[in-house]
Amino acid sequence: MKTDLFYRSAAGRALMIHLQTSGFFGCISGFLRCRVSRCLIPGYIRRHDIDMRPYGDQKYRSFAEFFSRQKTYVRIDRNPDVLISPCDSILTIYRIKDDLVIPMKGSRYYIRDLLPQSDVHDLFRGGLCMVFRLEATDYHRFCCFDDARIVETRFIPGQLHSVQPIACTKYPVYRLNRRWCSILDTAHFGTAAQIEVGAMFVGDVEFTKDNGSFRRGEDMGSFEIAGSTIVLLLNASARKRLALFPPFRQAFCRKEEIRVSMGEGIGILCHGILFNE
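Residues numbered from 1 in each chain as written. Predicted model: local features only at pLDDT ≥ 70, side-chain atom pairs only at ≥ 80, totals over all residues. Heavy atoms only, no water.

S.K.: So what's going on with the packing of aromatic side chains? Which residues, and what values?
M.R.: Under the counting rule described, the total for this entry stands at eleven aromatic pairs. Ring geometry for Phe63 and Phe67: centres 6.3 Å apart, planes at 35°, overall tilted. Here Phe63 and its partner Phe67 are both found in helix α5 (residues 63-67), four residues apart, which amounts to about one turn of the helix. Comparing Phe63 with Phe67 shows no difference in burial state: the two are buried. (Phe/Tyr/Trp six-rings, centres within 6.5 Å; stacked < 30°, edge-to-face > 60°. Helix = DSSP H or I, 4+ residues; strand = E, 2+ residues; numbered from the N terminus. Buried < 20%, exposed > 50% of the residue type's maximum accessible area, 1.4 Å probe, protein only.)

As structure tokens, this is what we get:
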């Protein structure tokens, strides 16, 4: 669905508010989970030029099942000192400072808007904020970036606005959208936070398990039906020991987005070597 209709005018934005409360998106969600919705799959694949070879010969009972499909194989960098991407996406990296605002296609967001736990804000001061923006062509499952134990997960309810650029110029979607925030105790990067942000329509996240531990590269869950974003926060200690690999270092310095694949190495921990600003 084109989001321009809702966000380019006052009338469109008023219509969006009405649709949010009318159950309209619930009807769409129900349809996309029924067998009839399978007819949408071939057109979606053609429109977004999706390579289906990594998914084998899977058959899908609904569009929703197709959207959260699993690859038959994902290449994971197994070096424990390497920070890997939790998903296929477009990545932007920021240094976390007290006055950090995260620009996202015209909107500005503070770390405190993303974290519901006010008592953990100080843990990430001086760390790194990594924003993974998934597109329609991306694999909509995500994995754990390190061996980790889930300390706490909180769900923050909210309105579901599109994360497409036109929407972000009108609404601070990371504050309005529902999101799931997990505090992780990781084996190699210390305390980290991973935030999954829902998007338009249902914007739901399906987790493989609600608590416990995950191994590096282990499937953690999937986004359902709509576009989505993952925000990863690393603490200052991890940042000081992390050397970004050249392509990501260049993107960080230029404040640019860069394409990354699930399991791909973003940087490596270098004992005694500080992160160069």
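S.K.: Can you tell me about the pairing of strand β5 (residues 128-134), naming the residues and giving the values?
M.R.: Successive side chains on a regular strand alternate, one facing one side of the sheet and the next facing the other. With respect to burial, β5 is a largely interior element, seven of its seven residues being buried. Of the two faces of β5, the one lined by Leu128, Met130, Phe132 and Leu134 and the one lined by Cys129, Val131 and Arg133 are each fully buried. Note that strand β2 (residues 89-95) and β5 share six bridges and pair antiparallel. Opposite Ile93, over in β5, you have Met130 as the bridge partner. As paired strands, β5 and strand β13 (residues 228-234) are joined by seven bridges and run antiparallel to one another. Residue pairing for β13: Leu128 is matched across the bridge by Leu234. (Pairing = 2+ DSSP bridges.)

S.K.: Residue-level account of the pairing of strand β9 (residues 190-197), with values.
M.R.: For β9, the tally of buried residues reaches six of eight residues, placing the bulk of the element in the interior. Sheet topology places strand β8 (residues 179-186) next to β9; eight bridges connect them, and they run antiparallel. Following the sheet pairing, Thr186 is matched in β9 by Gly190.

S.K.: A description of the pattern of salt bridges should follow, citing residues and the corresponding values.
M.R.: According to the stated counting rule, one finds 15 salt bridges in the structure shown. Between Asp98 and Arg125 there is a salt bridge, with its nearest N and O atoms 2.3 Å apart. Here the residue Asp98 occupies a position in the loop between β2 and β3 (102-104), and Arg125 occupies one in the loop between α6 (111-114) and β5, the gap between them amounting to 27 residues. The class for Arg125 is partly exposed, based on a relative accessible area of 42%. Close ionic contact of Arg259 with Glu135 constitutes a salt bridge, the shortest N to O distance being 3.0 Å. Within this pair, whereas Arg259 is found in strand β15 (residues 258-260), its partner Glu135 is found in the loop between β5 and β6 (141-143), the two being separated by 124 residues in sequence. Look at Arg259 and you get partly exposed, because its relative accessible area is 38%. Salt bridges here are not isolated pairs; linked through shared partners, they connect Arg133, Glu135, Asp138, Glu257 and Arg259. (Salt bridge = Lys/Arg side-chain N within 4 Å of Asp/Glu carboxyl O.)

S.K.: Describe helix α10 (residues 246-254), and please don't skip the residues or the numbers.
M.R.: Where α10 is concerned, the buried positions are Phe248, Ala251 and Phe252. For α10, the angular spread of the buried residues around the axis is 100°, confining them to a single face. Those residues of α10 that are exposed and aimed more than 90 degrees away from the buried face are Pro246 and Arg254. Considering only its buried residues, α10 is in contact with β2, β5, β14 (242-244), β15 and β16 (265-269). Two residues or fewer past α10, Lys255 is found with a positive phi of approximately 55°. (Arc of directions from axis to C-beta. Contact = heavy atoms within 4.5 Å.)

S.K.: Run through the environment of Leu115, naming residues and quoting values.
M.R.: Considering the arrangement of structural elements, one finds Leu115 in the loop between α6 and β5. It is 8.0 Å that separates the C-alpha atoms of Leu115 and Ile195, two residues lying 80 residues apart in sequence. Contact partners of Leu115, with chain neighbours within four places excluded, come to Val120, His121, Phe124, Cys181, Ala193, Ile195 and Leu233.

S.K.: Can you lay out helix α4 (residues 41-48) for me, pointing to particular residues and giving the numbers?
M.R.: Within the sequence span of α4, burial applies to Ile41, Tyr44 and Ile45. Down the axis, α4 shows its buried residues gathered within 100° of arc, on one side only. Of the residues in α4, the exposed ones pointing more than 90 degrees away from the buried face are Arg46 and Arg47. In this structure, the buried side of α4 is in contact with α5. Where α4 ends, the next residue or the one after it, Asp49, has phi of about 50°, a positive value.

S.K.: Which residues make up the sheet that holds strand β1 (residues 82-84), and what are the values?
M.R.: Spatially, three strands are ordered β1-β16-β14 in an open sheet, and the strand pairing comes out antiparallel. Each edge of the open sheet is held by one strand with a lone partner, namely β1 and β14. Between one strand axis and the next, the sheet turns through 30° on average, direction left out of account. Pairing analysis gives three bridges linking β14 to β16, with the strands arranged antiparallel. Paired with Leu244 across the two strands is Gly267, which belongs to β16. (Axes fitted to C-alpha atoms, helices over the stretch in contact; angles between N-to-C directions.)

In short, geometric facts, not functional conclusions.
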